[in-house]
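# Observations on the three-dimensional arrangement
Below are the chains, spelled out letter by letter.
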Amino acid sequence: QVQLVESGGGLVLAGGFLRLSCAASGRTVSRFNMGWFRQAPGKEREFVAAISWSGRNTPYSDSVKGRFTISRDNAKNTVYLQMNLLKPEDTAVYYCAADANFLTVSTLHSEYDYWGQGTQVTVSS
């Protein structure tokens, strides 16, 4: 089993930045692909970014490309999401997820096996 705990969310002004962290425990996730998803009130959960186990493949949603950066530190069993130039529409609960299928980096939430409890990000205008 893998437990994921997100941290780093909060309230920030538009144009500001936040860095989310996702700490994994229970087993190493160095061979897992990892992803960040978000869900705003009344909306479906949507893909934000993902990173392959090697770190070489990092797909992003069009809405965050150029503003957000996903990274990982396998020695620390941790994944990060650096969020810059935040906009009010980025307001959501952000979830970290782990996919045991390391062959393909997926943007579909149904492909991920383990999930964190989420961290709230609120961007005010």
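Below is a summary of the structure that appears in this document. (Residues numbered from 1 in each chain as written. Predicted model: local features only at pLDDT ≥ 70, side-chain atom pairs only at ≥ 80, totals over all residues. Heavy atoms only, no water.)

## Brief notes about the state of the cysteines
A complete count under the given rule lists one disulfide for this structure. Between the sulfur atoms of C22 and its disulfide partner C96 the distance amounts to 2.0 Å. Torsion about the S-S bond of the C22 and C96 cystine: about -75 degrees, corresponding to left-handed handedness. With C22 in strand 3 (residues 18-25) and C96 in strand 8 (residues 92-99), this pair connects stretches of sequence that are 74 residues apart. The exposure classification of C22 matches that of C96, with both residues buried. (Disulfide = S-S within 2.5 Å. Helix = DSSP H or I, 4+ residues; strand = E, 2+ residues; numbered from the N terminus. Buried < 20%, exposed > 50% of the residue type's maximum accessible area, 1.4 Å probe, protein only.)

## Overview of the environment of D62
Tracing the chain through its elements places D62 in the loop between strand 5 (46-51) and strand 6 (68-73). Measuring from C-alpha to C-alpha, the distance between D62 and F47 comes to 9.9 Å, with 15 residues separating the pair along the chain. Within the structure, the side chain of D62 is placed 3.3 Å from the side chain of K65, a separation counted as a polar contact. (Polar contact = N/O pair within 3.5 Å; in protein donor to acceptor, adjacent residues only side chain to side chain.)

## Observations concerning the sheet that holds strand 1 (residues 3-7)
Strand-to-strand pairing in sheets goes through backbone hydrogen bonds, with the strands running parallel or antiparallel. The strand order across the open sheet formed by four strands is 1-3-7-6, and the pairing between neighbours is antiparallel. For this open sheet the edge positions go to strand 1 and strand 6, each flanked by a neighbour on one side alone. With direction set aside, neighbouring strand axes in the sheet form an average angle of 15 degrees. Judged from the five bridges that link them, strand 1 and strand 3 form a sheet pairing that is antiparallel. If you follow Q3 over to strand 3, its bridge partner there is S25. (Pairing = 2+ DSSP bridges. Axes fitted to C-alpha atoms, helices over the stretch in contact; angles between N-to-C directions.)

Keep in mind these numbers describe shape, not what the thing actually does.
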